[in-house]
Structures are given as C-alpha cells and as structure tokens.
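Below are the chains, spelled out letter by letter.
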Amino acid sequence: MAKNETPSFSRLGLAAPVLKAIDEVGYEAPTSIQANAIPALLARRDLLGQAQTGTGKTAAFALPLLSLLDLKLRQPQFLVLTPTRELAIQVAEAMQTYARHLKGFHVVPIYGGQGIETQLRQLRRGVHAVVGTPGRIRDHLGRKTLKLDRLSAVVLDEADEMLRMGFLEEVEEILQHTPGEKQVALFSATMPPAIMEVARRYQRDPVEFRSEEKTATVSTVSQRYWRVAGVNKLHALTLMLEVEDFDAMLVFVRTKVVTAELAEKLEARGFAAAPLNGDMNQAMRERTVERLKGGRLDIVVATDVAARGLHVERISHVVNFDMPYDVESYVHRIGRTARAGREGKAILFVSQRERNMLYAIERATGQSIEPMQLPSRGDIARRRVVQFQQAITEVIEEQDLDFFEEVLEGYRQEHSTGLPKIAAALAFLVQRERPLLPAQRARQDRAGRQPPTDRRPSTDRQPPGGQQPVRRRQATPRPRAEGQWPGPGNTVMERYRIEVGRDHGVQAGNILGAISNEADLEGRHVGRIKIFDAFSFVDLPKGMPREIRRHLKTLRICGQKIRLKLDSGLKSSSERRTGGSRPLGGGEPRYRKKPGKKKPGKKKSGAAGGKKKRKPRGKKPMR
Ligand code: AMP
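Residues numbered from 1 in each chain as written. Predicted model: local features only at pLDDT ≥ 70, side-chain atom pairs only at ≥ 80, totals over all residues. Heavy atoms only, no water.

Visitor: So what exactly am I meant to see when it comes to the sheet that holds strand β13 (residues 344-350) here?
Guide: Sheet strands line up and pair through hydrogen bonds in the backbone, either parallel or antiparallel. Across the sheet, which stays open at both edges, the seven strands sit in the order β10-β11-β9-β12-β13-β8-β14 with parallel pairing between neighbours. Unpaired on one side and paired on the other, β10 (273-276) and β14 (370-371) mark the two borders of the sheet. Across four bridges, the pairing between strand β12 (residues 315-320) and β13 is parallel. Each residue of the ladder has a partner; that of His317, found in β13, is Lys345. (Pairing = 2+ DSSP bridges. Helix = DSSP H or I, 4+ residues; strand = E, 2+ residues; numbered from the N terminus.)

Structure follows, in structure tokens:
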C-alpha cells in the first residue's frame, strides 16, 4: 500500500454482506495486517502473519474466509485452532458478528471442559466453521464426530502459544486429517524456529506479513501510560481530565461508533467534546476542526483515519483511549500534539493483554513510556479548590458586586453572623453540584459505573484488566443434567447473581463459556448476562437441579469463586451502591451534616441548589 493512501475495506474484494457487517460494527479502515492478509486469503494463498492481540488479526482471517464461504454446504469449511477456550469463544463470537448478514451461517466453538454431548448436538446440526482448542478437536476426529474432508482453510491462531502449551502434536495430527488442497494461515506473535518449521512443513509459498518496528522519533512529546485495571476507561479519562492541564485534547478510539458514544458521554459530563469520524462528510469534519481551533471545542474523539493530517496547534494532549494497531499509527497519533514548537503530552491506556504493544512502541521509538497513576480524591480536591479560588478572584476583579454586598450585609446584621461563615455557606451552595471534596465512594463505586453490559454481539477482544479468565481450567467431574434440565420447552428463566464482575476482568463470553461448560448447558439456554463492577447477573432456565447449583457455587471465573445464588429481586444496599447505572459524578453528592444541626427547611435554593447538569461555562467546565 502506498504511503499516506487511506486503505479501504471496500477495495479489498470482500463479500458485500461481510462489508455491511463491518460497516455496522464501525470499523473505518483495515489495520495493516488486514490490508495485507485479506487480499492474500481471498486469493486462496497461504499466509504467515506475525501479529499480536490487538492488531485486528481475527478480522484479518475471518473476513476473507467468510467471504469465500459456500453457505449451502453445511459442512466445516474452515477450522480455526486456538490455544485457549476463551480465545475460541471470542473468535467464534467475532465471526458471528462479521457473519450477521450471511443467512444461516453456523460456527461452533469446541473446547475441552465443555460437555461433549453439547458439541455433538451442534455439530450434527451442521456447521460452516469450527473454532476450537487442539485437544478437543482431536478427540472429535478420533470419535469421527467431526469430519474435515470439505475443509478449505485452516487457521492456526496464536501458534507460538499453542506450541508453548504443548499442542504441537495435536495440531499436526489434526492437519493430517485435512484435505491436501487447502489454505493454511498461521498467526503468531513471535516467529521462533519451531513455528517457522511448522510453516515450512504445512504451507506452500505463504504470503508473509511481519509487524514492522521502524524506529521513529517523537522526542518532543512526553509519554505516559495508564494500566487499565479495575476502573473503567471512561471513568479513568474523566479523572484525568480533572487534573491534566490541557488546552485541547485529541482522544483516539478504534471505531466510528465509539467516537460518537464517547464524545456524547464526555459532553454529558460537561466537556465541550465532539466526534470526528469517516462517516462525517468533509464539511462536517472541517467544521469540527474549526471549532477545535477556535476554542469552541476542547475534546475531539477521533478514529485514526479521520485524524489523518490534523494540524491544530492547540492540541496539548493526545489520549490513546484504545490501543493503536501498530507502532506507526501510535507515532502518527501522538504527532498530532507538540505542534509549532509547543509541548505535547501523550497518554496511552494499556490493558494487560496489550502490554506487548507497549513494549513494541518503546522499542521502536527508543523512548520509555512512563507509568502514571490515576489522580486520587485528594488530588482532585486540591485541584478543585485552586480552581474555585481562581473563580473567586475573577469574579471580584470583573463583576460589580455592590448589590450582593448589600444583600449579605443585611443578612449579617439580621443574623449576627460573621462574614467568613456567610462566605462558607455560599461556597457550600456553589460547589454542591461539583463538590470541592469529591464524595468518598466504595471501591467498586469509585471504579466507575457503567451501564450493565449485555452479552453478544461483542467483538471487543480485550478483557478489561486483561486477565485470562478460566484459562487452562481443566474439566472437573461435574453432575450431569442432560435430559432433566432445562427440559424440553422450558423457556422460563430465573435470575442468578454471581460474585464476579467487571472489576475482576470478566466478560460475557467468560460467564457464558464457564457456566455452559460446568452446568452442561447449551449456550442458547444461557440467557441475558449483565455485568456490573463487583458482580453480575445471569439468567438461567428455571428449575436448576440442586447438585448443579451446588457445583456452580464453587465454580471460579477469573479466579473468583462465583457463589452463584438465586437473585431474590431485592437489591441489597451494597448492590445498589456498586451495581447501579447512574452516570458517574452525576448523582447528588453526599454531604456529611454537622451533628446536632437542623436540616435547612428548603433543599433547593435558587441557581446553586438542586441536582442540575453542569453547564458548559465558556470553555471547559471548572477543572
Ligand atoms: P484482535 O487483534 O483480533 O484481537 O482485535 C482487537 C480489537 O480490534 C477487537 O476489539 C476488534 O473488534 C478491533 N478491530 C479489528 N479490526 C478493526 C478495524 N479495522 N477497525 C477498528 N477496530 C478493529
């Protein structure tokens, strides 16, 4: 691809229904591995790709293979081997999303630890694609319950990881069960000799893709990273906005859908923010850039494509809210700041799974990126007090206050109250909406509320906190429920509460996989999953047998014992505290009343009282 040429999905030769799906998901442009892998796989070539998680490798193989699929043939046409069951579930979920306009498409995830009966049922129904871990796939081949004779492609995903986990033998055995005429795509974060040997033995003249690690200079930008853990990213960004001294900020996300969502959320928190994405026409984009230049906007949330060539001197900060796909886009992103000799700051959000990209960036730029902490409650309080004092100075300097002095003098005489006390009462009223001392919240509460997350469709592969939930958990003997529960036609669901949530890094796929495995339940019987910070709800068919319930109580997901229990429907106070979906900081602050003092008669008093949305005042809200 020529430099500076914006790559486009529509020029890669993908099938129309697949293109439609990726447009809906919000991808604007192919990542570099996609731009290389998609044409190669569409041309039925083999592929040897060096790629880590986060580079968009799943779509790099899924999109072309789905485009080549024969929907009428209900037999496995491609097989994806993954080292872990989580990855198998994630890949299958992503595939389902990309195939949402391919009517009748079926993909089945197959992994150890899940009841074989469930898998057999799914296989018997006829599937177009299989995604699974090598051990269990081999079992099925041995039992002749999985036939691969119509297979046209095999993908080895995270091949180095499979090797490390000792799956080489299984992988080779599986490959021997596949037709001679097929494509083999191999993705691996590293390319040690053992992987090259696999490639040599099973691939024919593969198209090779290696992530480039060109050195690049970014010396005028000070770079920091924040490790995404516990706290959700929006909340973290909001805290940073409180204390970072920024003029204008450019926030990078991966999809156009997220540009709009995030800009909206920031606006709701009182910031002058707007999206910038490829769905906006040229005039709209220019208007946004002009507003940013003129100071009418302070935050622009953009995709890489939309921010290409953006030159706005005011941009003092670049926040990589979503990890860039490669070093080159990181360097391009942070180059949007420190313009015209000014200083620039870059902040990178890095989840556990993305840390390799952090190291790659450091290597390529030859600079270390310093870790940063989120501001504490004390930091925020100090900052707010300074801003408050500045606001007082400004008002004293700029406003005619005679009338107000008279009003307060009248009050002072009538109530024999000292002026400091009156000023303090006024200060209290003014800061009500945005307390000088932010309320102390429960840990989970501080960790940021998000609206409950529904499961599926989800292609977001990065577990918050990057933990590897239930990884390598082996099948444990568990009670059999087949034939008894849920029972034919049982569509009544009951809500269960489990003590694992966003804070533990859980995602819907983990809950779905673990519960369906351990309860020997088909995935379709697992209902709605809502994930909160400290816990989650999952709807399961009514009448769960006691032995399964007992078994599930002790199940661990993301290292947490889930302590499954039927939800009574009555929220305990701790649930209300941690699980609500009230917007952050939008709630009524809690004040400690002075002991012995009576409550004031009226709660709301004029402009300062009550629960009012923060108004944009001039530029940014009081920061
Ligand atoms: P992967 O490297 O496959 O784990 O993908 C990492 C993340 O990137 C996933 O959340 C994908 O949904 C997202 N993604 C993949 N390709 C693109 C793209 N072209 N544009 C935006 N996001 C993408």
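Visitor: I'm lost on the pairing of strand β8 (residues 221-227) in this one. Help?
Guide: Side-chain positions along a regular strand alternate between the two faces of the sheet. Most of β8 sits inside the fold, with five of its seven residues counted as buried. Bridge analysis of β8 against β13 gives seven bridges, and the strand direction is parallel. Residue pairing in the sheet places Gln223 in a bridge with Ala346 of β13. Two elements, β8 and β14, share two bridges in a ladder whose sense is parallel. When the bridges of β14 are listed, Arg224 appears paired with Glu370. (Buried < 20%, exposed > 50% of the residue type's maximum accessible area, 1.4 Å probe, protein only.)

Visitor: What exactly am I supposed to notice about the sheet that holds strand β15 (residues 493-498) here?
Guide: Spatial ordering of the open sheet is given by β16-β17-β15-β20, a layout of four strands whose pairing is antiparallel. One side of each edge strand has no neighbouring strand; the edge strands of this open sheet are β16 (529-531) and β20 (565-566). Inspection of the sheet shows β15 paired to β20 by two bridges, in the antiparallel sense. In the strand pairing of β20, Tyr496 is matched with Leu566. Contacts from helix α19 (residues 508-518) reach β15, β16 and β17 (536-541), with the element oriented near 130 degrees to β16. (Contact = heavy atoms within 4.5 Å. Axes fitted to C-alpha atoms, helices over the stretch in contact; angles between N-to-C directions.)

Visitor: What exactly am I supposed to notice about the pattern of salt bridges here?
Guide: Where charged atoms from two side chains of opposite charge approach closely, those side chains can pair. Summed over the entire model, instances satisfying the criterion amount to 32 salt bridges. Arg314 is the salt-bridge partner of Asp298, the closest N and O atoms lying 2.8 Å from each other. Placement of Asp298 in the loop between α12 (282-293) and β11 (299-302) and of Arg314 in the loop between β11 and β12 is noted, with a sequence separation of 16 residues between them. Like Arg314, Asp298 is buried. With a shortest N-O distance of 2.7 Å, Glu409 and Arg412 are connected by a salt bridge. Of this pair, Glu409 and Arg412 both sit in helix α16 (residues 402-415), three residues apart, roughly one helical turn. Judged by its relative accessible area of 29%, Glu409 falls in the partly exposed class. It is possible to trace a salt-bridge network through shared partners that takes in Lys57, Asp157, Glu158 and Arg353. (Salt bridge = Lys/Arg side-chain N within 4 Å of Asp/Glu carboxyl O.)

Visitor: Help me understand unusual backbone geometry, please; the structure alone is not making it clear to me.
Guide: Residues apart from glycine generally show negative phi values, whereas peptide bonds are mostly found in trans. Phi at Lys144 is positive, roughly 60 degrees, even though this residue is not glycine. Within the secondary structure, Lys144 is located in the loop between α6 (134-143) and β5 (153-156). The phi dihedral of Glu158 falls on the positive side, at around 50 degrees, and the residue is not glycine. Along the polypeptide, Glu158 turns up in the loop between β5 and α7 (159-164).

Visitor: How should I be thinking about the packing of aromatic side chains in this particular structure?
Guide: Between two aromatic rings, the relevant description is the distance of the centres plus the angle of the planes. In total, this model carries nine aromatic pairs according to the counting rule given. Ring geometry for Phe403 and Phe404: centres 5.4 Å apart, planes at 75 degrees, overall edge-to-face. A residue is classified by how much of its surface remains accessible, and Phe404, at 49% relative accessible area, is partly exposed. With a centroid separation of 5.4 Å and 70 degrees between ring planes, the pair formed by Phe535 and Phe537 is classed as edge-to-face. Residues Phe535 and Phe537 agree in their burial class; the two are buried. One cation-aromatic arrangement involves Lys233 over Phe321; the distance from NZ or CZ to the ring centre is 5.0 Å. Here Arg497 stacks its cationic end above the ring of Phe535, 3.9 Å away from the centre of that ring. (Phe/Tyr/Trp six-rings, centres within 6.5 Å; stacked < 30°, edge-to-face > 60°. Lys NZ or Arg CZ within 6 Å of the ring centre and 35° of its normal.)

In short, geometric facts, not functional conclusions.
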